[in-house]
Amino acid sequence: MNDRTVADLVVERLETWGVSRVFGYSGDGINGFMGALRRAGGRVEFVQARHEETAAFMAVGHAKYTGGVGVVTSTQGPGAVHLLNGLYDAKLDGVPVVAIVGQQSRTVLGSAYMQEIELTVLFKDVAAQYVQQVNAPEQLPMVLDRAFRTAKATSSPCVVILPHDIQSAPAPELQQEHGVVVTAPSWSTSAKTPRTEDLDAAAAILNGAEKVALLVGQGARHAGAEVVAIAEQLGAGIATSLLGKPYVDETLPFAVGTMGHLGTTASAHLLGNCDALLIVGSNDPWTEFYPPPGAARAVQIDIDERKIGNRYPVEVGLAGDAAAALQALSSRLTARSRGQWRDDVEQEVVRWRALAEERAAVPASPVNPERVVRELNGRLPANAQISVDVGSCVYWYARQLVLPPGVPAHLSGTLASMGCSIPYGIAAKLAHPDRPLVALAGDGAMQMAGIAELVTVAHRWRQWQDPRFIVCVFNNRELTEVTWEQRESEGEPRFKDSQELPDFPFAGYAELLGFTGIRVEDPELLADAWERAFAADRPVVIDVLTDPEVPLLPPFPGGKEKAESMRKALAGEDGGGRALDLLETYTRQEERG
């Protein structure tokens, strides 16, 4: 007698797809699946988060750190609603996630039953590539297979909805017959290479240019060597998107760092003065920092042809894998001797590095947040993993941290959702328990989601081969990024009621959880704090009291106009004098350089 249920079949199918763990939170709508996971005896691990939103972030983090498909599960109703933010993170950053969501039994759907939500409508936008409710046991293998294939093929979230009665129904023995689709859990990527005529046209543009810039995004994650080779051939400089930062060695003399609002002065110079732009696997939305339309002829490489020309007027699109496209393009390029453009780019890089060092040394009250990250340089282990939250700490990560080659660093890049760093870090640590993890987070993000998920870390860290899970909290009692955005974009003075955060003893809380807590109020103690954290035999929370008045000034020349808006806002603030002084210091440094 076959006593296997559809839920057991789900677990078996997940195993076949290579799924090692499922993140989520239980509830009556998904109990059948929970029972199947229990019966599987750990073959597919269930990782309980503190909230469905952070469970979805964990699934996204798993996909980002492993290159595989992240899987998350929740019950119906509120559990399903809570998944949305994390699933949108997957959609906007282009990573594959499959969500398995419970639903009330089919017999009550349409009756306004408790926790009944029309889930296909709820997920219609976020899972635009594939969302499907399973309405018969025979349908399950096909739906789950299609969800995985679609998630992998489109690098997006897909949703499978499982009514409660379907989960507990007997597993079907499928035969090839009318009305039944039998599928296999297999998938293979296409060997996508650009067309010959497109490669020739792209080479003609790049060979004819004098001042070439590369903008490199996460789509170049497996093409680092090819990117550098092309830059050397063309005498070009390399800028990265925020998501592309880990994939370019920023110690290279022609690597100008991150582009955009939170980028570097060197990247602003590169993109503002080039006459040709080669975009490699990037869909960065900071369009005001691209070359002015018409100033540069553009070529774009992307595996997804829908993104070609999405951010800048592109003359030639190369639809294909970044490494393969760059190799094919390289054979058509004419190598050139070092020219004035490369000299100029490298001089701008030297200037930026000096400016970054100078800014980190600016006295602040009590600690300059730029120095917090700068002190991590040279201390970060070569096998470390980094997770970064959303807020002002992203600026300091982008500008001050030089990642050792091969160190992964991930954040919610396009959705830019606060609360991602600790769930991301947990996923990274579960995937690679022998590697240390460093999470950079603001106090706002920690209060939003991070504090709760430290409970998950406390529950699991003793199982990890390397117990180091280091959280650096930029504790300034302020939603700093939004405060500076109000000043910059709206010309509005700081609104205390919306921006001030309650104080929270992050280091003390860490001690309550059995971690090491380190509180830093003196910048001269930062180096010792990082060294203590990396020497610890348990998770560590470094609670750094940072200065919210350190300005989030965009790189010039675009930042000059922004600085003027900031000045006007600060003039209307009581007690805004110190922030104004720091803004003037940063502005003078920029102009002097």
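Rules behind the numbers
Residues numbered from 1 in each chain as written. Predicted model: local features only at pLDDT ≥ 70, side-chain atom pairs only at ≥ 80, totals over all residues. Heavy atoms only, no water. UniProt positions renumbered as here; feature names shortened; annotations may be inferred. Helix = DSSP H or I, 4+ residues; strand = E, 2+ residues; numbered from the N terminus. Axes fitted to C-alpha atoms, helices over the stretch in contact; angles between N-to-C directions. Left-handed = near helix turned anticlockwise from the far one by under 90°. Contact = heavy atoms within 4.5 Å. Nonpolar A, V, L, I, M, F, W, Y, C, P; charged D, E, K, R; others polar. Pairing = 2+ DSSP bridges. 1 Å grid on protein atoms, 1.4 Å probe; cavity = no way out; pocket = protein on both sides within 12 Å on 5 of 7 lines; lining within 4 Å. Points joined across faces, edges and corners; volume = space filled by probe spheres on them. Buried < 20%, exposed > 50% of the residue type's maximum accessible area, 1.4 Å probe, protein only. Polar contact = N/O pair within 3.5 Å; in protein donor to acceptor, adjacent residues only side chain to side chain. Core = buried A, V, L, I, M, F, W, Y, C linked by side-chain atoms within 4.5 Å. Expected span 1.5 Å × (residues − 1).

Going by what an unreviewed UniProt entry lists, the protein chain is known as Pyruvate dehydrogenase (Quinone) and is assigned to Pseudarthrobacter siccitolerans. Turning to the protein chain, the UniProt annotation filed under Sequence similarities (unreviewed entry) states: "Belongs to the TPP enzyme family."

J.: Looking at this structure, I do not really get unusual backbone geometry. What am I missing?
T.: For residues besides glycine, phi is generally negative; the peptide bonds are generally trans as well. In this chain, Ser-365 is followed by Pro-366 through a cis amide linkage whose omega measures -5°. Looking at the secondary structure, you find Pro-366 in the loop between helix 12 (340-360) and helix 13 (369-374). Phe-556 connects to Pro-557 through a cis peptide bond whose omega is 10°. Note that Pro-557 resides in the loop between strand 18 (540-545) and helix 21 (558-571).

J.: Would you explain the packing of helix 1 (residues 6-16) against helix 6 (residues 140-154) in this entry?
T.: Think of two packed helices as two axes; the pair is described by the angle between the axes and how far apart they sit. For the pair helix 1 and helix 6, the least separation of the axes is 10 Å and the interaxial angle reads 35°. Once helix 1 is placed against helix 6, the crossing between them reads as right-handed. Residues Val-6, Leu-9, Val-10, Arg-13 and Leu-14 of helix 1 pack against Leu-140, Pro-141, Leu-144, Asp-145 and Phe-148 of helix 6. Taken together, the residues that form the contact of helix 1 with helix 6 break down as eight nonpolar, no polar and two charged.

J.: When you look at the sheet that holds strand 18 in this model, what are you seeing that I'm missing?
T.: For sheets, the rule is that strands pair by backbone hydrogen bonds, running either parallel or antiparallel. With respect to topology, six strands assemble into an open sheet ordered 14-13-15-16-18-17, the strand pairing being parallel. The sheet terminates laterally at strand 14 (409-410) and strand 17 (516-520), the two strands that pair on one side only. Examined bridge by bridge, strand 13 (residues 385-388) and strand 15 (residues 437-442) share four bridges and lie parallel to one another. Following the sheet pairing, Ile-386 is matched in strand 15 by Val-438. Of the strands in this sheet, strand 13, strand 14, strand 15 and strand 16 (469-475) touch helix 14 (residues 392-400), which is tilted by about 130° from strand 15.

J.: Whenever I open this one, the layout of surface pockets confuses me. Can you help?
T.: One simple way to see leftover space: roll a probe sized like a water molecule over the atoms. The space that makes up the second largest pocket amounts to roughly 290 Å³. At the level of elements, helix 10 (265-273) and helix 21 are the ones that each hand at least two residues to the lining of the second largest pocket. If you tally residues by element for the lining of the second largest pocket, the top one is helix 10, at six residues. Looking at the lining of the second largest pocket residue by residue, the class counts come to eight nonpolar, five polar and four charged.

J.: What's the story with the side chain of Asp-198 in this structure? I'm lost.
T.: In this fold, Asp-198 is placed in helix 8 (residues 196-208). Residue Asp-198 is classed as buried on the basis of its relative accessible area, which comes to 17%. Among the polar contacts listed, one links the side chain of Asp-198 to the side chain of Arg-195, at a separation of 2.9 Å. Discounting residues that sit within four places of it in the chain, Asp-198 has contacts with Val-316, Gly-317 and Leu-318.

J.: I would appreciate a short explanation of the nonpolar core in the present structure.
T.: What tends to happen in soluble globular proteins is that the nonpolar side chains get buried as a cluster. Counting 56 residues, the largest nonpolar core has Leu-206, Leu-214, Leu-277, Leu-278 and Leu-329 as its most contacted members. Looking at which element gives the most residues to this core, the answer is helix 12, with six residues. Membership of the second largest hydrophobic core comes to 52 residues, among which are Leu-84, Tyr-424, Ala-428 and Trp-461.

J.: Please clarify how helix 6 should be interpreted in this entry.
T.: Each full turn of the α-helix corresponds to 3.6 residues, which orients residues three or four apart in the same direction. The terminal C-alpha atoms of helix 6 lie 21 Å apart, and with 15 residues this matches the ideal 21 Å at 1.5 Å per residue to within 8%. One or two residues past the end of helix 6 sits Ser-155, with phi positive at roughly 50°.

J.: Help me out: how do you make sense of helix 12 in this one?
T.: The terminal C-alpha atoms of helix 12 lie 30 Å apart, and with 21 residues this matches the ideal 30 Å at 1.5 Å per residue to within 8%. Among all positions in helix 12, only Trp-341, Arg-342, Val-345, Glu-346, Glu-348, Val-349, Arg-351, Trp-352, Leu-355, Ala-356, Arg-359 and Ala-360 are buried.

J.: Explain the side chain of Glu-375 to me, please; I cannot follow it from the model alone.
T.: Mapped onto the secondary structure, Glu-375 falls in the loop between helix 13 and strand 13. Residue Glu-375 is classed as buried on the basis of its relative accessible area of 16%. Residues contacting Glu-375, with those up to four places away along its chain left out, are Leu-526, Ala-527 and Trp-530.

J.: Would you mind showing me how to read the pairing of strand 6 (residues 157-163) here?
T.: Each regular strand shows side chains that alternate between the opposite faces of the sheet. Within strand 6, seven of the seven residues are buried, which leaves the element mostly enclosed by the surrounding structure. Burial along strand 6 is two-sided: Pro-157, Val-159, Ile-161 and Pro-163 and Cys-158, Val-160 and Leu-162, pointing in opposite directions, are all buried. Two elements, strand 4 (residues 97-103) and strand 6, share seven bridges in a ladder whose sense is parallel. Among the inter-strand pairings, Val-101 is bridged to a residue of strand 6, identified as Ile-161. Here three bridges tie strand 5 (residues 131-133) to strand 6, and the two strands are oriented parallel to one another.

J.: Please clarify how the pairing of strand 10 (residues 276-280) should be interpreted in this entry.
T.: Counting buried positions along strand 10 yields five of five residues, so the element is predominantly enclosed. Of the two faces of strand 10, the one holding Ala-276, Leu-278 and Val-280 and the one holding Leu-277 and Ile-279 are both buried throughout. Here strand 10 runs beside strand 11 (residues 297-302); their pairing, made up of five bridges, is parallel. Paired with Leu-278 across the bridge in strand 11 is Val-299.

J.: Sorry, what's going on with the packing of helix 8 against helix 11 (residues 322-330) here?
T.: One way to put it is that helix 8 packs onto helix 11 with a least axis distance of 9 Å and a crossing angle of 65°. Note on packing geometry: the crossing formed by helix 8 with helix 11 is right-handed. Contact residues: Leu-199, Ala-202, Ala-203 and Leu-206 in helix 8; Ala-325, Ala-328 and Leu-329 in helix 11. Broken down by class, the residue content of the contact of helix 8 with helix 11 amounts to seven nonpolar, no polar and no charged.

J.: When you look at the UniProt feature "domain: Thiamine pyrophosphate enzyme N-terminal TPP-binding" (unreviewed entry) in the protein chain in this model, what are you seeing that I'm missing?
T.: Per the UniProt annotation, the sites labelled "domain: Thiamine pyrophosphate enzyme N-terminal TPP-binding" (unreviewed entry) are residues 4-117. Structurally, residues 4-117 is divided into 45% helix and 18% strand, and its ends, taken at the C-alpha atoms, are 28 Å apart.

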